[in-house]
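Descriptive analysis of the structure
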Amino acid sequence: AVAAVIGPETEVIKALSAIEGVKDVKLSDGGERNGGDVRGITGKAREYTITSGIETPDIRPAVVQTIVKNNWSLVELRELGLSLEDVFLRVVAGETTDGVDGVSKVAAPVEAAPPAVSPLAVAPDAPSAGTAETTPATAESEKKGEAE
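So, a few notes on the structure that sits alongside this text. (Residues numbered from 1 in each chain as written. Predicted model: local features only at pLDDT ≥ 70, side-chain atom pairs only at ≥ 80, totals over all residues. Heavy atoms only, no water.)

Structural notes on the overall build of the protein
A count of helical and extended segments in the protein gives four helices and six strands. Starting at the N terminus and walking to the C terminus, you meet the elements of the protein as β-α-β-β-α-β-α-β-β-α. Counting across all 148 residues of the protein, residues that qualify as buried make up 21%. A fraction of 66% describes how many contacts in the protein between residues 6 or more apart in sequence connect residues 24 or more apart. When the accessible surface of the protein is summed, it comes to about 10,900 Å², and 56% of that surface belongs to carbon and sulfur atoms. (Helix = DSSP H or I, 4+ residues; strand = E, 2+ residues; numbered from the N terminus. Buried < 20%, exposed > 50% of the residue type's maximum accessible area, 1.4 Å probe, protein only. Contact = heavy atoms within 4.5 Å. Areas by Shrake-Rupley, 256 points an atom, 1.4 Å probe, with all protein chains shown as cover.)

Quick word on unusual backbone geometry
Notably, Asn71 is not glycine yet its phi reads approximately 60 degrees, a positive angle. Looking at the element boundaries, Asn71 is found in the loop between helix 2 (60–69) and strand 4 (73–78).

Observations concerning a nonpolar patch on the surface
Residues Val64, Val68 and Leu74 make up a contiguous nonpolar surface patch of roughly 220 Å² in combined accessible area. By the element assignment, Val64 lies in helix 2. A residue is classified by how much of its surface remains accessible, and Val64, at 32% relative accessible area, is partly exposed. (Patch = residues over 30% accessible without salt bridge, like charges linked within 9 Å, V, L, I, M, F, W, Y side chains within 5 Å. Salt bridge = Lys/Arg side-chain N within 4 Å of Asp/Glu carboxyl O.)

Regarding helix 1 (residues 9–17)
Among the residues of helix 1, those classed as buried are Val12, Ala15 and Leu16. All buried residues of helix 1 lie within an arc of 95 degrees about the axis, which places them on one face of the element. The exposed residues of helix 1 that point more than 90 degrees off its buried face are Thr10 and Lys14. (Arc of directions from axis to C-beta.)

Next comes the structure, spelled out in structure tokens:
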């Protein structure tokens, strides 16, 4: 999740890090959202990237409660989708999520499917389509077959 908060940076990071399921809290690149100024509110809004585990339920309600409890101002809160790198790393690690309750699972190894066999199987020593050589004798017999 990404939260834009007006509050003391070190205290915000400490409080957000204490939320159950939160793995990491970092000041986002650029730090201040739109220069940090928020119309009608004193202080600078700073963006924090809050990382939680794939198995963790949505942390946004707990983020809101934490910010309100500390009398800070919440300017924005949004869910941050997985980056392509995150998806790749989780797929390689065998992690999946069922999408219903957020419980992570380990994916079963995928077995290779048996090779498909054509219903028109060709004998191993027979030439395959498009590879038979045409000799003058075979060309002559094909012409006779077409003429009949």
